[in-house]
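Chain and residue survey
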Amino acid sequence: MSRWLWPLRARLGYWLARRLFHWPAALRQPRLWQWMQGQYGRMANLGDVPAQSFYGHILLFRGQGLGAREEGLRLLRLAANGGDGKAAYQLGVQALQADTRQAADAMHAVRWWEMALAAGHPLAARRLSQLYREGAPGLEADAQAAERYAGMADSGR
């Protein structure tokens, strides 16, 4: 197929799969769900930031196994670096969740939440304020920073 037909086909498939995502009956059909995930993955691989964020969240929360979780985090990192505030916020949340493979890292959470704040995510300033108020592993409490972020949260930015 020509160079312009593949991306068009990917966009149409992605559009249909996103519409079907809102139909519970479609999500219960294993073959249809597999096709839908293929459409999400294809669009994410084409570099579409909203698709990377959407599919990253799906893999992180609905994916099965460690491989799906890791791929979800990879897609969320791509989306966050592309300017998606929701993806950056979720990466900050994940950075504070320790597991058997890595410890909680507050500095990474700060970095992701500051990126989310710059992208306009409504909860990022509130979480940064809370994190600086209480402190966390690898981050000392800082009352001035906590108040600065609390002011941003109260003002809506």
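The notes below deal with the structure included here. Along each chain, numbering runs from 1 in the same order as the chain's sequence is written. Local features in this predicted model are restricted to residues of pLDDT 70 or higher, and side-chain atom pairs are both shown and tallied only at a pLDDT of 80 or more, whereas totals for entire chains, interfaces and linings draw on every residue. Hydrogens are left out, water is left out, and the side-chain values use all remaining heavy atoms of the structure.

1. Some remarks on the packing of aromatic side chains
Any two rings among Phe, Tyr and Trp, with Trp reduced to its six-membered ring, count as a pair given centres within 6.5 Å; such a pair is stacked if its planes are under 30 degrees apart, edge-to-face if over 60, and tilted if neither. Applying the stated criterion to the full structure yields nine aromatic pairs. Ring geometry for tyrosine 40 against phenylalanine 54: centres 5.0 Å apart, planes inclined by 80°, an arrangement best described as edge-to-face. Pair noted here: tyrosine 40 is in helix α3 (residues 30–45) and phenylalanine 54 is in helix α4 (residues 49–62), with a separation of 14 residues, a long-range link. Joined through ring pairs, the aromatic side chains of Tyr14, Phe21, Trp33, Tyr40, Phe54 and Tyr55 make up one cluster. Look at NZ for Lys and CZ for Arg. If either is within 6 Å of the ring centre and within 35 degrees of the ring normal, a charge sits over the ring. In this structure, arginine 62 is placed above the aromatic ring of tryptophan 33, and the distance from its NZ or CZ to the ring centre is 4.7 Å. A cation over an aromatic ring shows up here: arginine 111 above the ring of tryptophan 112, its NZ or CZ 4.3 Å from the ring centre. Strands are runs of DSSP state E lasting at least two residues, helices are runs of H or I lasting at least four, and both sets are numbered from the N terminus onward.

2. Some thoughts on the pattern of salt bridges
We count a salt bridge whenever a side-chain nitrogen from Lys or Arg sits within 4 Å of a carboxyl oxygen from Asp or Glu. As enumerated under the stated definition, the model contains two salt bridges in all. Here glutamate 71 ties to arginine 74 by a salt bridge, and the two come within 2.7 Å at their closest N and O atoms. In this pair, glutamate 71 and arginine 74 are both assigned in helix α5 (residues 66–81), three residues apart and thus about one turn of the helix distant. The buried label goes to any residue with under 20% of its type's maximum accessible area, the exposed label to any with over 50%, and the partly exposed label to all in between, with areas taken from a 1.4 Å probe on protein chains only. According to the relative accessible area criterion, arginine 74 is partly exposed, its value standing at 33%.

3. Points about the packing of α4 against α5
Remark: α4 packs on α5, axes separated minimally by 7 Å, with the N-to-C direction vectors making an angle of 155°. Considered as vectors, α4 and α5 are oriented roughly antiparallel to each other. The chirality of how α4 crosses α5 is left-handed. The segment α4 lies against α5, with Val49, Gln52, Ser53, Tyr55, Gly56, His57, Leu59 and Leu60 engaging Ala68, Arg69, Glu71, Gly72, Leu73, Leu75, Leu76, Leu78 and Ala79. In this analysis an axis means a line fitted to C-alpha atoms, helices contributing only their contacting stretch, and an angle means the value between N-to-C directions, from 0 to 180 degrees. Angles are sorted into four bins: roughly parallel if under 35 degrees, roughly antiparallel if over 145, roughly perpendicular if 65 to 115, and oblique for all others. With the far helix as reference, a near helix turned anticlockwise by less than a right angle produces a left-handed crossing, and one turned clockwise produces a right-handed crossing. Between two residues, a contact is recorded if the distance between any of their heavy atoms is within 4.5 Å.

4. Thoughts on the side chain of glutamine 94
Assignment of secondary structure puts glutamine 94 in helix α6 (residues 85–95). Leave out the neighbours within four places in its chain, and glutamine 94 touches Leu60, Phe61, Arg69 and Leu73.

5. What to know about the side chain of histidine 121
Tracing the chain through its elements places histidine 121 in the loop between α7 (106–118) and α8 (124–134). Classification of histidine 121 as buried rests on a relative accessible area of 16%. A distance of 3.2 Å separates a polar atom in the side chain of histidine 121 from the backbone nitrogen of leucine 123. Once residues within four sequence positions are removed from consideration, histidine 121 is found in contact with Gly85, Lys86, Tyr89 and Ala116. Under this definition, polar contacts are N or O atom pairs within 3.5 Å; protein pairs additionally need one hydrogen-donor-capable and one acceptor-capable atom, and for neighbouring residues in sequence, both atoms have to be side-chain atoms.

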